[in-house]
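The primary structure of each chain is shown beneath.
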Amino acid sequence: MTDDTTIHEPAPTAGEAEILLFALDRSRAQFAWKCGGLDAAGLNRRQPPSMMTLGGLLKHMAAVEERYTVDFTGEPPGPPLDAPEARADPGWVWRSAAGDTPEELYDLWRRAVARSRAAMTKALAGGGLDRPALYTTWDGGGSPNLRRIVVDLHDEYVRHVGHADLLREAVDGLVGEDSPQAAGA
């Protein structure tokens, strides 16, 4: 995976939506850097006793992106959540990643992020962060607003960037907080 992992800092006076999206994109960039450039052996390497792999994380985060995109669009989910196995078995994305090629995993994650970004942009333009989710309903009948969904998605990345950091270090020794940035970025 050779994704652009450049982090674009917002203006010091940026508004709430821009800051939230910056935090999410920074975590996505860190995740892309930690998972990027590996072959099948690197993506499938486990660090016992955990069964987690970087390939499993890529597929899981594609599913998470897709799950939250449903809240922004109200549309049926796309890959990988459109697979019958994904609906029937929450552990399927983790186990099935071992049978996917690196190209399939990287492409799946990239497409899910692109779909999520487009959905967020459209939703924020059409009602902002206070707009209620179009899918999720909490006990009691209320729906979270888009602000909460962006924060939850960011939290999911933060949690798994830490996992990816440890798994990647075990694969090839790559360490660091942020990906190397291009001059002038």
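Each remark here, short or long, concerns the structure printed above.
Residues numbered from 1 in each chain as written. Predicted model: local features only at pLDDT ≥ 70, side-chain atom pairs only at ≥ 80, totals over all residues. Heavy atoms only, no water.

S.K.: How do you make sense of the pattern of salt bridges when you look at a structure like this?
M.R.: Pairing is possible between side chains of opposite charge, provided their charged atoms come close. Throughout the structure, instances matching the rule amount to 15 salt bridges. The partner of Arg168 in a salt bridge is Asp172, and the shortest N-O contact between them spans 3.0 Å. With Arg168 and Asp172 both in helix α7 (residues 146-172) and four residues apart, the pair spans about one turn of that helix. When its relative accessible area of 7% is taken as the criterion, Arg168 is described as buried. Asp172 sits in the partly exposed class, given a relative accessible area of 44%. (Salt bridge = Lys/Arg side-chain N within 4 Å of Asp/Glu carboxyl O. Helix = DSSP H or I, 4+ residues; strand = E, 2+ residues; numbered from the N terminus. Buried < 20%, exposed > 50% of the residue type's maximum accessible area, 1.4 Å probe, protein only.)

S.K.: Honestly, α7 in this entry has me stumped. Any pointers?
M.R.: Since one α-helical turn is 3.6 residues long, residues separated by three or four positions face the same way. Relative to the 39 Å expected for 27 residues at 1.5 Å per residue, α7 spans 38 Å between its end C-alpha atoms, a close match to the ideal helical length. Of the residues making up α7, those classed as buried are Leu146, Ile149, Val150, Leu153, Glu156, Tyr157, His160, Val161, Ala164, Leu167 and Arg168. On its buried face, α7 sits against α1 (16-35), α3 (54-73), α5 (92-96) and α6 (102-125). Its side-chain oxygen placed 3.2 Å from the backbone nitrogen of Arg147, Asn145 serves as the N-cap of α7. (Expected span 1.5 Å × (residues − 1). Contact = heavy atoms within 4.5 Å. Polar contact = N/O pair within 3.5 Å; in protein donor to acceptor, adjacent residues only side chain to side chain.)

S.K.: Even after reading the chapter, I still don't get unusual backbone geometry, so can you show me in this structure?
M.R.: Backbone geometry follows two general trends: most residues other than glycine have a negative phi, and most peptide bonds adopt the trans configuration. Following Pro48, the chain continues to Pro49 via a peptide bond in cis, the omega torsion being 10°. Within the secondary structure layout, Pro49 lies in the loop between α2 (40-44) and α3. With an omega of 0°, the peptide bond running from Pro79 to Pro80 counts as cis. Of note, Pro80 is situated in the loop between α3 and α4 (84-88).

S.K.: What is the right way to read the nonpolar core from this model?
M.R.: Buried together is how nonpolar side chains tend to be arranged in soluble globular proteins. Phe31, Leu54, Leu58, Phe72, Trp109 and Tyr157 are the most contacted members of the largest nonpolar core, which totals 34 residues. Sorting the residues of this core by element identifies α1, α3, α6 and α7 as the ones contributing at least two each. Judged by nonpolar contacts, the second largest core, of six residues, contains Ala63, Ala83, Trp92 and Val93. (Core = buried A, V, L, I, M, F, W, Y, C linked by side-chain atoms within 4.5 Å.)

S.K.: It is not clear to me how the side chain of Asp71 should be interpreted in this structure. Could you clarify?
M.R.: With respect to the helices, strands and loops of the structure, Asp71 is situated in helix α3. Note on Asp71: relative accessible area 1%, which makes it buried. A distance of 3.1 Å separates a polar atom in the side chain of Asp71 from a polar atom in the side chain of Arg67. Polar contacts involving the side chain of Asp71 include one to the main-chain amide nitrogen of Tyr135, which spans 3.3 Å. Sequence-distant contacts of Asp71, that is, excluding residues within four places in its chain, are made with Ala133, Leu134, Tyr135, Thr136, Leu146 and Ile149.

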